[in-house]
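# Per-entry structural report
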Amino acid sequence: MTQKLDRDGSVRPGLPHVELTGFEILSDDERVVQDATHKFARDVMRPMGIAIDKLSAEESIAPGSPYWDFMRIAVESGIGFDADPGDVPPQLLARLQAIVIEELGWGDMGLTVSLAAAAFANMMAKRVGNQELIELTEGKLGCWIATQPDRGSDGTMLYPDERHPSATQGNKGNLTAKVSGGDIVINGQSSAWVSNGPVAQVAIMSIAADYGDGFFDDGGHPRGVEVIVPLDLPGVSRGKPLEKLGQRALPQGEVYFDNVKVPVRYAVSLGDDYWRGHASTWSTAGVGMGQMATGLARAAFELAMQYAHERRQGGALLAEHQMVQYRLGTMARNVETMRAVARRATEYTVLSPAKHPYYTGGSKVTCTDLAFEVADEALQIFGGYGLTREYPLEKLFRDARAARIEDGENHLLNMKFGYLNALLYRASL
Ligand SMILES: Cc1cc2nc3c(=O)[nH]c(=O)nc-3n(C[C@H](O)[C@H](O)[C@H](O)COP(=O)(O)OP(=O)(O)OC[C@H]3O[C@@H](n4cnc5c(N)ncnc54)[C@H](O)[C@@H]3O)c2cc1C
């Protein structure tokens, strides 16, 4: 550490070592990956995300929209969630994954979710090592269909005991599968929230299933299937792209199924394995949310820091007022906390022999709630300008707001993390 002499001759510490991501030490290899991803996030994602945000939902997915330019450039640049990790050791893989996804979230959260959802079917085909499904999903724009108009949080209820005491049965929802004679036949509709719903070519679906014995087991819990479905099959249709508050660069919308038939070998988890498979898929999504939210919050913090060094009030730059320094300190602490939590959840999920979505859900809540707090405070530092569309903060605020419902509503996930801890306590008695 360099030391400098003050005018009075005393020695004071120099500034600490920091990386792009603050107080940590990266290896040279990690820094190279981070720099390359940051450049893509800064030069491609950020401007395109802002441009798409201003379009209507229809315009944003029309031919010639910046959304398609973004997807093309991402593919050409080798940026994607389905990249083959090669022989990277798992611990390093977890670190790199967290570093890369934070940068993408810094660029644009909606586009990051779109990239993640695009790769989801292929990732799950790889998880189960099914070569036919890997080839079927390779290079295709994917989506994850789980929620439905009448089945939002209910689809995340892994254990029958989570049901309200007055409910005799679980909820099979509006989109279901019948599994018989070597086929899976799907009927119904997804929610309007399916990320990439209007543009996806292939889906991984997590839905209730009847294996010939009804939709519910003896305990009243729905049976299910996780199945990969090409979305150009007869009987598939789409709703209108959804107009919404935040993450507007992410196309969302309903997908409808009218007697859509796929072979049962397209299932990635079925029968008694379904809930374990669904849990594994969902925990993969949960860690990604924490990493992206960290990037979003860092973007908001950096913009607030920059503005605090431009805006003068009370006879000084905002950054020269101690009250503002205090507020910047709180934001910086929150970003550090988010990064630590997201990295820990990533490492656990990559390395653990038994990962769990109620744990990754807990990390998702910490990160997305803090991202919202940071974006809110950054907007506040901008004062009235924070509210206008001329400045970048109101978009980040809207994007962060959506994340508190996306991939599981935060109060509900918090409740599930408490429930998981209670299960662990009871198991330890
Ligand atoms: C940006 C974004 C992207 C998304 N992407 C996808 C996607 O790719 N694929 C997909 O399938 N879905 C996706 N979703 C849907 C998302 O997963 C759901 O919105 C979320 O799970 C909540 O479901 P819901 O909206 O139906 O709310 P509900 O489940 O109806 O919840 C409404 C309220 O009731 C409370 N509540 C619900 N159940 C209980 C309970 N048992 N006990 C106590 N309180 C309860 C909740 O806490 C919440 O406040 C996305 C959503 C967003 C916002």
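What you are looking at is a predicted structure, and each value in this text was computed from that prediction instead of being measured.

## Focus on the overall build of the chain
The helix and strand tally for the chain stands at 11 helices and 12 strands. In terms of overall size, the chain behaves like a compact globule, its C-alpha atoms giving a radius of gyration of 23 Å where 429 residues would be expected to give roughly 22 Å. The buried share of the chain, taken over its 429 residues, is 51%. Considering only intrachain contacts with a sequence separation of at least 6, the fraction spanning at least 24 residues in the chain is 76%. Summing over all exposed atoms, the chain offers an accessible surface of approximately 20,000 Å²; the carbon and sulfur share of this is 56%. If you average the places of the 42 positive and of the 54 negative side-chain charges in the chain, the two averages end up 3 Å apart.

## Comments concerning the packing of aromatic side chains
As enumerated under the stated definition, the model contains 13 aromatic pairs in all. Centre to centre, the rings of Tyr-274 and Trp-275 are 4.9 Å apart; their planes meet at 65°, and the pair counts as edge-to-face. With a relative accessible area of 1%, Tyr-274 lands in the buried category. Considering the side-chain rings of Phe-372 and Phe-397, the 5.2 Å spacing of their centres and the 35° angle between planes classify their relative orientation as tilted. Of this pair, Phe-372 sits in helix H9 (residues 357-381) while Phe-397 sits in helix H10 (residues 393-403), and the two are 25 residues apart along the sequence. What makes Phe-372 buried here is its relative accessible area of 17%.

## Considering the domain arrangement of the chain
Here the domain parsing of the chain yields domain 1 (28-137), domain 2 (142-273) and domain 3 (276-428). On a C-alpha basis, the centres of domain 2 and domain 3 stand 29 Å from each other. At the interface, 19 residues of domain 2 touch 21 residues of domain 3. Around 1,700 Å² of area is buried between domain 2 and domain 3 when both sides are counted, 56% of it from carbon and sulfur atoms. Its largest share of buried area at the contact with domain 3, domain 2 owes to Trp-144, Leu-158 and Gln-247, together 31% of the area lost on that side. Remark: the boundary between domain 2 and domain 3 carries 2 salt bridges. Arg-276 is paired through a salt bridge with Asp-273; the nearest N and O atoms lie 3.0 Å apart.

## Regarding the site of the ligand
Taken together, 18 residues lie near the ligand, and Trp-144, Ala-146, Thr-147, Ser-153 and Glu-409 sit nearest. At a separation of 2.5 Å, an oxygen atom of the ligand approaches a polar side-chain atom of Ser-153. In this structure, a nitrogen atom belonging to the ligand sits 2.8 Å away from a side-chain N or O atom of Ser-195. Starting from 980 Å² of accessible surface for the ligand in isolation, the protein chains cover 68%.

## Re the packing of helix H1 (residues 28-53) against helix H3 (residues 66-76)
H3 packs onto H1 with a crossing angle of 160° between their chain directions and a minimal axis gap of 9 Å. Between H1 and H3, the interaxial angle falls into the category roughly antiparallel. Helix-helix and strand crossings are classified by hand; for H1 and H3 the assignment is left-handed. Contacts from Phe-40, Val-44, Met-45, Met-48, Ala-51 and Ile-52 of H1 reach H3 at Pro-66, Tyr-67, Asp-69, Phe-70, Ile-73 and Ala-74. Its residues placed into classes, the contact of H1 with H3 shows 11 nonpolar, no polar and 1 charged.

## As for the pattern of salt bridges
Going through the model one piece at a time under the given rule, you end up with 29 salt bridges. Its salt-bridge partner being Asp-43, residue Lys-39 comes within 3.8 Å of it at the nearest N-O pair. Here Lys-39 and its partner Asp-43 are both found in helix H1, 4 residues apart, which amounts to about one turn of the helix. We classify Asp-43 as partly exposed; its relative accessible area is 39%. Put simply, Lys-395 and Asp-108 hold a salt bridge, and the shortest N to O gap is 2.6 Å. With Lys-395 in helix H10 and Asp-108 in the loop between helix H4 (90-107) and helix H5 (109-128), the pair connects residues that are 287 residues apart, well separated along the chain.

## Examining the packing of H4 against helix H8 (residues 322-351)
Packing of H4 against H8 leaves a shortest axis separation of 9 Å and a crossing angle of 140°. Compared by their axis directions, H4 and H8 come out oblique. Here H4 and H8 pass one another in a crossing that is right-handed. Together, Pro-90, Gln-91, Ala-94, Arg-95, Gln-97, Ala-98, Ile-99 and Glu-102 of H4 and Arg-339, Arg-343, Thr-346, Glu-347, Val-350 and Leu-351 of H8 make up the contact between the two elements. Classifying every residue of the contact of H4 with H8 by side-chain character gives 6 nonpolar, 3 polar and 5 charged.

## Details of the environment of Asp-29
With respect to the helices, strands and loops of the structure, Asp-29 is situated in helix H1. When the C-alpha atoms of Asp-29 and Leu-96 are compared, they prove to be 9.5 Å apart, with 67 residues separating the residues in sequence.

## A few points about the nonpolar core
Among the nonpolar cores identified, the biggest contains 61 residues, and Phe-40, Phe-70, Leu-111, Leu-115, Leu-328 and Leu-393 are the most heavily contacted of them. Among the elements of the structure, H1, H3, H4, H5, helix H7 (274-308), H8, H9 and H10 are those that each provide at least two residues to this core. Looking at which element gives the most residues to this core, the answer is H7, with 12 residues. Residues within four places of Leu-393 in sequence aside, it is in contact with Ala-300, Leu-303, Ala-375, Ala-378, Leu-379, Phe-382 and Gly-386. Ranked by size, the runner-up nonpolar core spans 47 residues in total, among them Val-194, Val-202, Ala-267 and Ala-279.

## A short note on H10
Since the α-helix packs 3.6 residues into each turn, any two residues three or four apart lie on the same face. Across the 11 residues of H10, 8 count as buried, placing the element largely inside the fold. Packing partners of the buried residues in H10 comprise H1, H5, H7, H9 and helix H11 (410-428).

## A few points about H11
Taking 1.5 Å of rise per residue, the 19 residues of H11 would be expected to cover 27 Å, and the 27 Å separating its terminal C-alpha atoms lies within 8% of that figure. Listed in full, the buried residues belonging to H11 are Asn-410, Leu-412, Leu-413, Lys-416, Tyr-419 and Leu-420. Where H11 is buried, its residues contact H7, H9 and H10. Where H11 begins, the capping side chain belongs to Glu-409, and its oxygen is found 3.1 Å from the backbone nitrogen of His-411.

About the criteria used
Residues numbered from 1 in each chain as written. Predicted model: local features only at pLDDT ≥ 70, side-chain atom pairs only at ≥ 80, totals over all residues. Heavy atoms only, no water. Helix = DSSP H or I, 4+ residues; strand = E, 2+ residues; numbered from the N terminus. Rg over C-alpha atoms; globule rule 2.2 N^0.38 Å. Buried < 20%, exposed > 50% of the residue type's maximum accessible area, 1.4 Å probe, protein only. Contact = heavy atoms within 4.5 Å. Areas by Shrake-Rupley, 256 points an atom, 1.4 Å probe, with all protein chains shown as cover. Lys, Arg positive; Asp, Glu negative; His and termini not counted. Charge placed at Lys NZ, Arg CZ, Asp CG, Glu CD. Phe/Tyr/Trp six-rings, centres within 6.5 Å; stacked < 30°, edge-to-face > 60°. Domains from an automatic or database assignment. Buried area = accessible area lost by both parts, 1.4 Å probe. Salt bridge = Lys/Arg side-chain N within 4 Å of Asp/Glu carboxyl O. Near = heavy atom within 4 Å. Polar contact = N/O pair within 3.5 Å; in protein donor to acceptor, adjacent residues only side chain to side chain. Axes fitted to C-alpha atoms, helices over the stretch in contact; angles between N-to-C directions. Parallel < 35°, antiparallel > 145°, perpendicular 65-115°, else oblique. Left-handed = near helix turned anticlockwise from the far one by under 90°. Nonpolar A, V, L, I, M, F, W, Y, C, P; charged D, E, K, R; others polar. Core = buried A, V, L, I, M, F, W, Y, C linked by side-chain atoms within 4.5 Å. Expected span 1.5 Å × (residues − 1).

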